[in-house]
Structure formats: structure tokens, C-alpha cells
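# Commentary on secondary and tertiary structure
If you want the building blocks of each chain, they are given just below.
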Amino acid sequence: MKYLHTMVRVSDLDASLDFYCNKLGMKEVTRRDNDKGRFTLVFLAAPGDEDAQIELTYNWDPEEYGEGRNFGHLAYRVENIYQLCEQLQQQGVTINRPPRDGRMAFIRSPDNISIELLQAGDPLPQQEPWASMENTGTW
């Protein structure tokens with residue numbers, strides 16, 4: 001596994017960018033606007049450490065974030081998402097968001113920390129039982 005990023009939800013993207021970039025000295029690495037999902041993702045990294053990023057998630061529709069809700073998830077790149085999810089499931093781990101697309105899954109730690117698993121490289125071809133598996137809980 002390789003650590004990728006930590007996601008936090010932000011209520012004011014401009015104020016957050018000012019804090020992380022202008023005050024802490026981080027640099028914007030990538031920005032993605034999703035019109036359909038009505039959110040913007042901005043990935044930041046400390047200069048010289050672009051492999052360890054923070055993902056700022058800005059939802060366009062106002063939402064109140066209680067303590068803990070603003071923290072989103074930890075993310076790890078994995079070599080074979082299907083194989084890992086199968087191993088985790090056999091060990092009693094609930095797959096909250098199955099890797100239906102061969103690219104992304106979500107699980108939770110015993111302390112309810114949401115963990116995103118992302119397939120290294122291109123998504124794997126869809127396969128059962130994952131392709132038709134429903135979500136369980138939240139992530």
C-alpha cells in the first residue's frame with residue numbers, strides 16, 4: 001500500500017486555500033470541479049512532498065459540519081482492489097462501498113475512520129460479486 005491523501009470537508013474554499021496555501025505554505029497540485037455532484041476537490045501538498053496530499057472537498061450546497069464530519073477519509077493505493085477487498089471481507093471487515101467499478105472501495109476502521117482504497121493504475125475490469133454488490137452503511 002501507498003499513502004495517498006487525507007480528505008477534509010471545507011465550508012469556505014477561498015478561506016481554506018488562504019489558510020493552507022498562503023499561511024501554511026502548501027501548494028495546489030490538482031483541482032477538479034464536478035458539476036453533476038456539485039462539489040470541488042482541491043489537492044494540496046507541502047513543497048517537495050507532493051506524494052502526501054490533503055484533499056479539500058468543497059460541497060457547493062451549504063452544509064453544517066459538526067465535529068468530525070469535516071474529516072472525510074484516509075486513502076491508500078492498492079495493487080489489486082478485488083483481492084484486498086476479498087481478504088478484508090474474509091477477515092470480517094465490512095466493505096461499505098464495494099469496488100463495483102474496479103477502481104474504488106471504502107471500508108471503516110474499528111474506530112469508524114473511513115478508509116478509501118484506490119486501484120493502482122487503470123481500473124480493473126468489473127467482476128462479480130463486486131459489480132452488483134450494494135453499499136453498506138456510510139463512508
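Residues numbered from 1 in each chain as written. Predicted model: local features only at pLDDT ≥ 70, side-chain atom pairs only at ≥ 80, totals over all residues. Heavy atoms only, no water.

## Comments concerning the pattern of salt bridges
Applied cut-off: Salt bridge criterion: a side-chain nitrogen from Lys or Arg within 4 Å of a carboxyl oxygen from Asp or Glu. Think of it this way: any DSSP run of H or I at least four residues long counts as a helix, any run of E at least two long counts as a strand, and we number them from the N terminus. Exposure classes here rest on a 1.4 Å probe applied to the protein chains alone. A residue is buried below 20% of its type maximum, exposed above 50%, and partly exposed in between.
As enumerated under the stated definition, the model contains 5 salt bridges in all. In this structure, Asp18 engages Lys23 in a salt bridge whose closest nitrogen and oxygen atoms are separated by 2.3 Å. The shortest N-O distance in the salt bridge between Asp61 and Arg38 comes to 2.7 Å. With Asp61 in the loop between strand 4 (53-59) and strand 5 (71-78) and Arg38 in the loop between strand 2 (27-34) and strand 3 (39-45), this pair connects stretches of sequence that are 23 residues apart. What makes Asp61 partly exposed here is its relative accessible area of 40%.

## Focus: the environment of Gly102
Quick note on the threshold: Note on contacts: a residue pair is in contact if any heavy atoms of the two residues lie within 4.5 Å.
Examined against the element boundaries, Gly102 turns out to sit in the loop between strand 6 (95-97) and strand 7 (104-108). Residue classification places Gly102 among the buried residues on the basis of a relative accessible area of 0%. It is 11 Å that separates the C-alpha atoms of Gly102 and Glu79, two residues lying 23 residues apart in sequence. In this view, Gly102 contacts Ile81, Tyr82, Gln119, Pro123 and Leu124; residues no more than four positions away in its chain are not counted.

## Observations concerning helix 2 (residues 81-90)
Spelled out, the test is: This arc is built from the directions going out from the helix axis to the C-beta atoms. Polar contact is defined as a pair of N or O atoms within 3.5 Å, subject to the rule that within protein one atom must be able to donate a hydrogen and the other to accept it, and that residues adjacent in sequence are counted only when both atoms are side-chain atoms.
When we look at burial in helix 2, the residues that qualify are Ile81, Tyr82, Leu84, Cys85 and Leu88. Angularly, the buried residues of helix 2 cover 165° about the axis, an arc narrow enough to put them on a single face. Residues of helix 2 that are buried in the fold lie against strand 5, strand 6, strand 7 and strand 8 (114-119). The N-cap of helix 2, judged by a side-chain oxygen 3.1 Å from the amide nitrogen of Tyr82 a few residues on, is Asn80.

## Regarding the sheet that holds strand 5
For the record, the criterion: Here, strands pair whenever DSSP counts at least two bridges between them. Comment: axis = line fitted to C-alpha atoms, over the contacting stretch for helices; angle = value between 0 and 180 degrees taken between N-to-C directions.
Strand order in the open sheet made by the 8 strands is 2-3-4-1-5-8-7-6, with mixed pairing throughout. Of all the strands in the sheet, just strand 2 and strand 6 have a single pairing partner and so form its edges. Each neighbouring strand pair of the sheet contributes to a mean axis angle of 30°, computed without reference to strand direction. Judged from the 5 bridges that link them, strand 7 and strand 8 form a sheet pairing that is antiparallel. Bridge pairing links Phe106 to Glu116 in strand 8. Packing of helix 1 (residues 13-23) onto the sheet brings it into contact with strand 1 (2-10), strand 2, strand 3 and strand 4, and relative to strand 3 it is tilted by some 5°. With respect to the sheet, helix 2 is in contact with strand 5, strand 6, strand 7 and strand 8, its orientation differing from that of strand 8 by roughly 145°.

## Overview of the pairing of strand 8
Most of strand 8 is tucked away: 6 of the 6 residues are buried. Residues of strand 8 alternate between two faces, with Ser114, Glu116 and Leu118 on one and Ile115, Leu117 and Gln119 on the opposite face, all of them buried. Strand direction decides the pairing type here: strand 5 and strand 8, joined by 5 bridges, are parallel. The partner of Arg77 across the bridge, within strand 8, is Leu118.

## Concerning the side chain of Ser114
Relative to the elements of secondary structure, Ser114 occurs in strand 8. Excluding its chain neighbours within four sequence positions, the residues that come into contact with Ser114 are Gly72, His73, Leu74, Phe106, Ile107, Arg108 and Trp139.

## Here we look at the layout of surface pockets
Where we set the bar: Each cavity reported here is a set of points on a 1 Å grid over the protein atoms alone in which a 1.4 Å probe fits but cannot get out, each pocket an open set with protein on both sides within 12 Å along at least five of seven lines, and each lining residue one with an atom within 4 Å of a point. Grid points are joined across faces, edges and corners, and a volume is the space filled by probe spheres set on the points. Under the grouping applied here, Gly and all other residues not named as nonpolar or charged are polar, the nonpolar ones being Ala, Val, Leu, Ile, Met, Phe, Trp, Tyr, Cys and Pro and the charged ones Asp, Glu, Lys and Arg.
In this structure, the largest pocket encloses a volume near 790 Å³. Lining the largest pocket are 30 residues, with His5, Leu41, Glu55, His73 and Glu116 positioned closest to its centre. Sorting the residues of the lining of the largest pocket by element identifies strand 1, strand 2, strand 3, strand 4, strand 5, strand 7 and strand 8 as the ones contributing at least two each. Among the elements that take part in the lining of the largest pocket, strand 1 stands out by supplying 6 residues, more than any other. For the lining of the largest pocket, the per-class residue count stands at 12 nonpolar, 8 polar and 10 charged.

Function-wise, these values are silent; they only describe arrangement.
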